[in-house]
Amino acid sequence: METTDARIKIAIQKSGRLTEHSLELLQQCGLKYSRGRDQLIGFGENMPVDFLLVRDDDIPGLVREDVCDLGIVGMNVLEEKRLEFRAAGQDAPFRLIQELDFGHCLLSFAYPENGAIQSLDDIDGQRIATSYPWIVKDFLKRRNVNAEVVEFSGAVEIAPNLGRAELICDLVSTGSTLAANKLTQGETLLESSAALIQTPVEIPASKSEWVNRLLQRISGVQQVRESKYIMMHAPRSALPKISALLPGAEAPTVLPLEGCDDKVAVHVVCRETVFWETLEQLKEAGASSLLVVPVEKMLA
Ligand code: ATP
Ligand code: ZN
């Protein structure tokens, strides 16, 4: 029986926009789990990996303090906490392992439609409502803008209507919340997605093998999502042209075709999205019997 010290702990968001994607990522890494009765911990059944379900704002701190070995959280939260920790004299609180392909959003300024503020040039002396005071203050300082930051923990977009601020700085993905509150999107401070972080403390030998395996699997899952395996027949003479058309491909495998001297089979893994246009261009270049299949697992 393993001791709990040898089990890896990952902090993920308990309930929110990152929860389902984070759990799906762990499942795609092969993790099978059961949830504790209080639903706050997931116990890995086939790997020494457990996860803690917490508020996303708590994830950087849990990883920094080495309560959790890894964490999945938005770059926006990471940057906010990084600045906060830095102001407290704590540099390098966590290691950024990789950005992930979900949780995309922008941290942007937004102004009341048809109001006096139309750009950053107009915000001197104004009040900005935001849940990201450290990022906003840092940005204003670097731009030499003198504006007041009013911290809101939620529902930032109603602050101008409440008369609490003249403008806001908040996360935007589709822009529908801004539109519903009659706000126009302005300058963007940060482009964000979810990210995987690791404790700054050295992983003990008892855990390092599984941490490395997990990191490799997460990286593999990320690569695989866009990747496709393409098969086709092609005249030998068209090979250079065909290779040039394949998006993000490594060297293709070229195989002989029985009873056919001038044509070969070409197999290749493409690490980028394969569009219909690409297939049409391949056909024009002489390829036939084109087949595109999804890749399920990949280990570099
Ligand atoms: P918690 O209760 O965990 O504190 P929360 O309300 O802070 O939850 P969510 O709204 O679930 O957080 O968002 C979590 C993360 O999802 C954000 O920090 C951000 O990285 C990402 N995200 C993606 N799109 C959006 C969006 N349109 N609005 C807000 N967050 C978004
Ligand atoms: Zn939060």
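Residues numbered from 1 in each chain as written. Chains lettered and ligands numbered in written order. Predicted model: local features only at pLDDT ≥ 70, side-chain atom pairs only at ≥ 80, totals over all residues. Heavy atoms only, no water.

**A look at the overall build of the chain**
- Assigned secondary structure in the chain consists of 9 helices and 16 strands.
- The C-alpha atoms of the chain give 25 Å as radius of gyration, which overshoots the globular expectation for 300 residues (19 Å, by more than 25%).
- Going through the 300 residues of the chain one by one, you find that 44% of them count as buried.
- Pairs at least 24 apart in sequence give 69% of the contacts found in the chain among residues at least 6 apart. (Helix = DSSP H or I, 4+ residues; strand = E, 2+ residues; numbered from the N terminus. Rg over C-alpha atoms; globule rule 2.2 N^0.38 Å. Buried < 20%, exposed > 50% of the residue type's maximum accessible area, 1.4 Å probe, protein only. Contact = heavy atoms within 4.5 Å.)

**As for the site of ligand 1**
- In the region of ligand 1, 15 residues are neighbours, and Arg55, Asp56, Asp57, Asn76 and Ser173 sit closest.
- Between Arg55 and ligand 1, the recorded distance is 2.8 Å, taken from a side-chain N or O atom to an oxygen atom.
- In this structure, a nitrogen atom belonging to ligand 1 sits 2.6 Å away from a side-chain N or O atom of Ser173.
- Compared with its free state, where it exposes 630 Å², ligand 1 has 77% of that area covered by protein.
- If you map ligand 1 onto the pockets, it falls in the largest pocket. (Near = heavy atom within 4 Å. Polar contact = N/O pair within 3.5 Å; in protein donor to acceptor, adjacent residues only side chain to side chain. Areas by Shrake-Rupley, 256 points an atom, 1.4 Å probe, with all protein chains shown as cover. 1 Å grid on protein atoms, 1.4 Å probe; cavity = no way out; pocket = protein on both sides within 12 Å on 5 of 7 lines; lining within 4 Å. Sits in = over half its atoms within 2 Å of the grid points.)

**So, the coordination of the zinc ion (ligand 2)**
- Only Asp56 (OD) and Asp57 (OD) from the protein reach the zinc ion (ligand 2) as donors, at distances of 2.1 Å.
- For the zinc ion (ligand 2), the 4 donor atoms in the first shell make angles of 73 to 174° at the metal, so the coordination geometry reads as irregular. (Donors = N, O, S within 2.8 Å, 3.2 Å for Na, K, Ca; no water. Tetrahedral: all angles 85-135°; square planar, octahedral: opposite > 155°, others 65-115°.)

**Quick word on unusual backbone geometry**
- For Asp66, which is not glycine, the phi torsion reads 65° and is therefore positive.
- The class for Asp66 is partly exposed, based on a relative accessible area of 32%.
- Residues other than glycine seldom take positive phi values, yet Asn114 does so here, at roughly 55°.
- Tracing the chain through its elements places Asn114 in the loop between β7 (105-112) and β8 (127-130).
- For Asn114, a relative accessible area of 76% corresponds to the exposed category.

**As for the sheet that holds strand β3 (residues 41-44)**
- With mixed pairing, 7 strands are arranged side by side in an open sheet as β2-β3-β4-β1-β5-β12-β6. Every interior strand has two partners, whereas the edge strands, β2 (33-35) and β6 (95-99), have only one. Taking the axes of each pair of neighbouring strands and ignoring which way they run, one obtains an average angle of 25° across the sheet.
- Bridging between strand β5 (residues 70-74) and strand β12 (residues 194-198) involves 5 bridges; their strand directions are antiparallel. Each residue of the ladder has a partner; that of Gly71, found in β12, is Ile197.
- In this fold helix α3 (residues 75-87) packs onto β5, β6 and β12, with an angle of close to 105° to the strand it touches most, β5. (Pairing = 2+ DSSP bridges. Axes fitted to C-alpha atoms, helices over the stretch in contact; angles between N-to-C directions.)

**Points about the packing of α3 against helix α4 (residues 133-143)**
- As a packed pair, α3 and α4 sit with axes 8 Å apart at the nearest point and diverge in direction by 75°. In terms of orientation, α3 and α4 fall into the roughly perpendicular class. Each of Asn76, Glu79, Glu80, Leu83, Glu84, Arg86 and Ala87 in α3 lies in contact with α4, whose residues at this interface are Pro133, Trp134, Ile135 and Asp138.
- Among the residues making up the contact of α3 with α4, the classes are represented as 5 nonpolar, 1 polar and 5 charged. (Parallel < 35°, antiparallel > 145°, perpendicular 65-115°, else oblique. Nonpolar A, V, L, I, M, F, W, Y, C, P; charged D, E, K, R; others polar.)

**Focus on the packing of aromatic side chains**
- Summed over the entire model, instances satisfying the criterion amount to 3 aromatic pairs.
- Ring centres of Phe85 and Phe94 lie 6.4 Å apart, and the angle between their planes is 70°; on these two criteria the pair is classed as edge-to-face. Like Phe94, Phe85 is buried.
- Judged by centre distance (5.6 Å) and plane angle (55°), the ring pair of Phe109 and Phe139 falls under tilted. Remark: Phe139 occurs in helix α4 and Phe109 occurs in strand β7; sequence separation between them is 30 residues. (Phe/Tyr/Trp six-rings, centres within 6.5 Å; stacked < 30°, edge-to-face > 60°.)

**Re the layout of surface pockets**
- In this structure, the largest pocket encloses a volume near 1,100 Å³.
- As for the largest pocket, its lining consists of 42 residues, of which Arg17, Asn76, Tyr132, Asp170 and Leu171 are closest to the centre.
- Within the residue set of the lining of the largest pocket, elements represented by two or more residues are α3, α4, β10 (167-172) and α6 (176-180).
- Here the lining of the largest pocket takes 5 residues from α3, the largest share from any one element.
- Split by residue class, the lining of the largest pocket holds 15 nonpolar, 17 polar and 10 charged.
- Residues lining the lining of the largest pocket come from more than one domain, with at least three contributed by each of domain 1 (4-102 + 194-224) and domain 2 (105-192).
- When its volume is computed, the second largest pocket comes out at roughly 240 Å³.
- Lining the second largest pocket are 13 residues, with Gln28, Arg217, Val221, Lys297 and Met298 positioned closest to its centre.
- Looking at the lining of the second largest pocket element by element, the count peaks at 6 residues for helix α7 (residues 205-226). (Points joined across faces, edges and corners; volume = space filled by probe spheres on them. Domains from an automatic or database assignment.)

**Looking at the pattern of salt bridges**
- Overall, the coordinates contain 14 salt bridges when judged by the stated rule.
- Residue Lys81 pairs with Glu84 through a salt bridge whose shortest N-O separation is 4.0 Å. Note that Lys81 and Glu84 are positioned in helix α3 at a spacing of 3 residues, about one turn of the helix.
- Taking relative accessible area as the criterion, Glu84 reaches 33% and is therefore assigned partly exposed.
- Salt bridges here are not isolated pairs; linked through shared partners, they connect Glu24, Asp101 and Arg225. (Salt bridge = Lys/Arg side-chain N within 4 Å of Asp/Glu carboxyl O.)

Shape descriptors only; they carry no functional weight alone.
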